[in-house]
Structure formats: C-alpha cells, structure tokens
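Now for the letters of each chain:
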Amino acid sequence: MKNKLLMVSFLVAFAAGTASAQFGGIVYDPTNYSNALLRYVQLQQQLIQLRNSYLELVAQYHLALQMARNIQNMPARYRATFSQWRAGTAPNTYGNTGTWINGINSGQVPLVNTGYAQATTQLLPYNAQALGVMTPAELERVKAQYASVELADGANLTSMATVGAIRNNSPALETRVANLEQDSLSGDTNLNSEVAVLNKINAASVLTLRTVQDSNKLLASLLEQQTIISKQQREATANSINADIARRATLAGNLAQVTGSITNSLETFRMP
C-alpha cells in the first residue's frame, strides 16, 4: 500500500514538475491531483474486490476437497452377503417331474406346458350322451366345475412360466447388482466423480424398477390363483344352497302329495 502511495505521489509530483517546467517554477495543478487521488481510490477498491474473490475461491476449493473425500475401507464397512437364488429340484422316480423342473427353472413355455401335462392328472371330457341325459341344473354345475379346473390349469401354467423366467434371469441380475455394489464401494476416483455417481444412482433406480416389476408379476399370478380358489369355494357354496333349495322344493311337493292322498282317502272312506 505504501508503494502505491509513493507511486501516486511521484505521478503527482511529475505532473506538477512538468507544468512548472513551462514557466521555470513549481506549479500546483488541482485537477491532476484530484484525478490521481480518484485513480488511487479506484485501484484500492479493485484490490479489495480481488482479495474477496481470492478468499471466496479458496473457500470453494476447500469445500470441493472436503466433498471429494471418500469413506475409507467402504467394502469392509458396508458390504453384506445375501441369499442366492436356488433352482427348483424334485425327485423323478417315474420320469414325470423332470420336464416340470426344467420348465420352472427356465420359463420356456413349451417345457412348462409339457411338464405340467406330464405331472398332473389329465382332465377327460364328457361325451355327448352323458351330457344329454343331465338335467339343466346338473349340466350347469358340471360345466362350472369343469371351467374351474381349466382356469386353475391356466393360472398354474402362467405362474410356472413367470417363476421360471425370474429364476432364469436371476444370475444375470445378481451379476449386475454385484457390479453396482462393487462400483459404489470402490475408492477409484474415476468411479466417484459427479457424473459417475449419478450414473450409479440411475442404474440402481432401473434395477429397483425391474425388481418391482418381477414382484408385481408374482403378485399377479398369486392373485389369479386366489381368484380361482375363491371361484371354487363360491361354486361349492352355491351348489350346497341349490341342493338345499331343490331338497326343500322336493320335500314340499312330496308333502303336498302325501297330504292330498291322505285327505282324499279320508273323504272317500265309508264305514260298512
């Protein structure tokens, strides 16, 4: 600051000396002196601004250093072990469960259909003659029960294919999750930049959405099976109510017939 004052004084003296040289003496010029002081004040303000900017940059630099520090030994602190997906297994004593297991582990629809057909009792159709001798109520009941079995078969096949597809994709999914975990716990600066961290967050969000989607598929399959079970329970209750209604109607008819026969017998009865 003192050096700057000396420089300004020198400039003022130089200007005054120049003016005095014209007349052979010392001349004081107030205008030049004021301009010199004004320039000095401006330079002082610029210096203060530069100092404040410097301090702000230093503070930002220290904050960036603090934000860039990684947690030490993150794998030992945060890495956890989770259970692995297990493939379906079952004995194959009579050779009718192997295809089922292959289908439920792979999700391939042909294997699922074949395996289910081999491991379940085949549903035989009624012949036309048997259907022709049924009463309308009995025919309706038989058709409803037949539909329940067919719907249960369809729901079971869908569930098997869904579980098989999830199991088949589980190794690749676990590899992706392991890679994401490794990158998240890594101390490599290339994996901890702002863009890299955002990319890992996006990848985790996508994996979460995929997992939720698989969970929704399983829940939908369970709901479908539960709906069919509810239908079967409803049919059992409806058949019981209908049977009671038919029994009461038959009982009322038989009672009326018996009462009429007794009344008629009493009316026509004559003592000899």
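What you are looking at is a predicted structure, and each value in this text was computed from that prediction instead of being measured.

**Let's talk about the overall build of the protein**
The number of helices and strands found in the protein is eight helices and zero strands. When the helices and strands of the protein are placed in sequence order, the string is α-α-α-α-α-α-α-α. Residue burial in the protein is summarised as follows: out of 272 residues, 15% are buried. Sequence separation of 24 or more characterises 64% of the internal contacts of the protein that already satisfy a separation of 6 or more. With an accessible surface of roughly 20900 Å², the protein has 61% of that area assigned to carbon and sulfur atoms.

**A closer look at the side chain of glutamate 235**
Checked against the element boundaries, glutamate 235 lands in helix 8 (residues 194-268). At 2.8 Å, the side chain of glutamate 235 forms a polar contact with the side chain of serine 148. Look past the residues within four positions of glutamate 235 in its chain and what remains in contact with it is Ala144, Gln145 and Ser148.

**Regarding the side chain of threonine 162**
Here threonine 162 shows up in helix 7 (residues 136-185). Discounting chain neighbours no more than four positions away, the residues touching threonine 162 are Lys217, Leu218 and Ser221.

**Some words on helix 5 (residues 109-119)**
Listed in full, the buried residues belonging to helix 5 are Val112, Gly115 and Tyr116. Summarising the axial view, the buried residues of helix 5 lie within an arc of 100°, below the 170-degree limit, and thus occupy one face. More than 90 degrees from the buried face of helix 5, the exposed residues found are Pro110 and Ala117. On its buried face, helix 5 is in contact with helix 4 (98-106) and helix 7.

**Remarks on the packing of helix 4 against helix 7**
Where helix 4 contacts helix 7, the two axes come as close as 4 Å, and the packing angle between them is 60°. Along the contact surface, helix 4 presents Trp100, Gly103, Ile104, Asn105 and Ser106, while helix 7 presents Met160, Val163, Gly164, Ala165, Arg167 and Asn168. Its residues assigned to classes, the contact of helix 4 with helix 7 comprises five nonpolar, five polar and one charged.

**Regarding the packing of aromatic side chains**
In this structure the tally under the stated criterion is one aromatic pair. With a centroid separation of 5.7 Å and 25° between ring planes, the pair formed by tryptophan 100 and tyrosine 116 is classed as stacked. Of this pair, tryptophan 100 sits in helix 4 while tyrosine 116 sits in helix 5; the two residues are 16 residues apart in sequence, bridging distant segments of the chain.

**A look at a nonpolar patch on the surface**
Residues Val197, Leu198 and Ile201 make up a contiguous nonpolar surface patch of about 240 Å² in total accessible area. Tracing the backbone shows leucine 198 in helix 8.

**Here we look at the pattern of salt bridges**
By the definition in use, this model includes three salt bridges. Its salt-bridge partner being glutamate 138, residue arginine 141 comes within 3.9 Å of it at the nearest N-O pair. Taken together, the residues span about one helical turn, with arginine 141 and glutamate 138 both in helix 7 at a distance of three residues. Classification of arginine 141 by relative accessible area gives partly exposed; the value is 31%.

**Some remarks on helix 4**
For helix 4, the set of buried residues is Thr99, Ile101, Gly103, Ile104, Asn105 and Ser106. Contacts from the buried residues of helix 4 go to helix 5 and helix 7. Glycine 107 sits one or two positions beyond helix 4 and adopts a positive phi of about 80°.

**As for the packing of helix 4 against helix 5**
Remark: helix 4 packs on helix 5, axes separated minimally by 7 Å, with the N-to-C direction vectors making an angle of 145°. Here helix 4 runs over helix 5; the crossing is left-handed. On the side of helix 4, the interface is formed by Thr99, Trp100, Asn102, Gly103 and Ser106, while helix 5 contributes Leu111, Val112, Thr114, Gly115, Tyr116, Gln118 and Ala119. Residues of the contact of helix 4 with helix 5, tallied by class, amount to five nonpolar, seven polar and no charged.

**Quick notes on the environment of arginine 86**
Of note, arginine 86 is situated in the loop between helix 3 (74-78) and helix 4. Here the alpha-carbon distance between arginine 86 and asparagine 105, two residues 19 residues apart in the chain, equals 9.3 Å.

**Topic: unusual backbone geometry**
Peptide bonds are, in most cases, trans, and in most cases residues other than glycine have a negative phi. With a phi angle near 55°, asparagine 73 is a residue other than glycine that sits in the positive phi range. Relative to the assigned elements, asparagine 73 resides in the loop between helix 2 (30-67) and helix 3. Under the relative-accessibility criterion, asparagine 73 is labelled exposed at 52%.

Thresholds applied
- Residues numbered from 1 in each chain as written.
- Predicted model: local features only at pLDDT ≥ 70, side-chain atom pairs only at ≥ 80, totals over all residues.
- Heavy atoms only, no water.
- Helix = DSSP H or I, 4+ residues; strand = E, 2+ residues; numbered from the N terminus.
- Buried < 20%, exposed > 50% of the residue type's maximum accessible area, 1.4 Å probe, protein only.
- Contact = heavy atoms within 4.5 Å.
- Areas by Shrake-Rupley, 256 points an atom, 1.4 Å probe, with all protein chains shown as cover.
- Polar contact = N/O pair within 3.5 Å; in protein donor to acceptor, adjacent residues only side chain to side chain.
- Arc of directions from axis to C-beta.
- Axes fitted to C-alpha atoms, helices over the stretch in contact; angles between N-to-C directions.
- Nonpolar A, V, L, I, M, F, W, Y, C, P; charged D, E, K, R; others polar.
- Phe/Tyr/Trp six-rings, centres within 6.5 Å; stacked < 30°, edge-to-face > 60°.
- Patch = residues over 30% accessible without salt bridge, like charges linked within 9 Å, V, L, I, M, F, W, Y side chains within 5 Å.
- Salt bridge = Lys/Arg side-chain N within 4 Å of Asp/Glu carboxyl O.
- Left-handed = near helix turned anticlockwise from the far one by under 90°.

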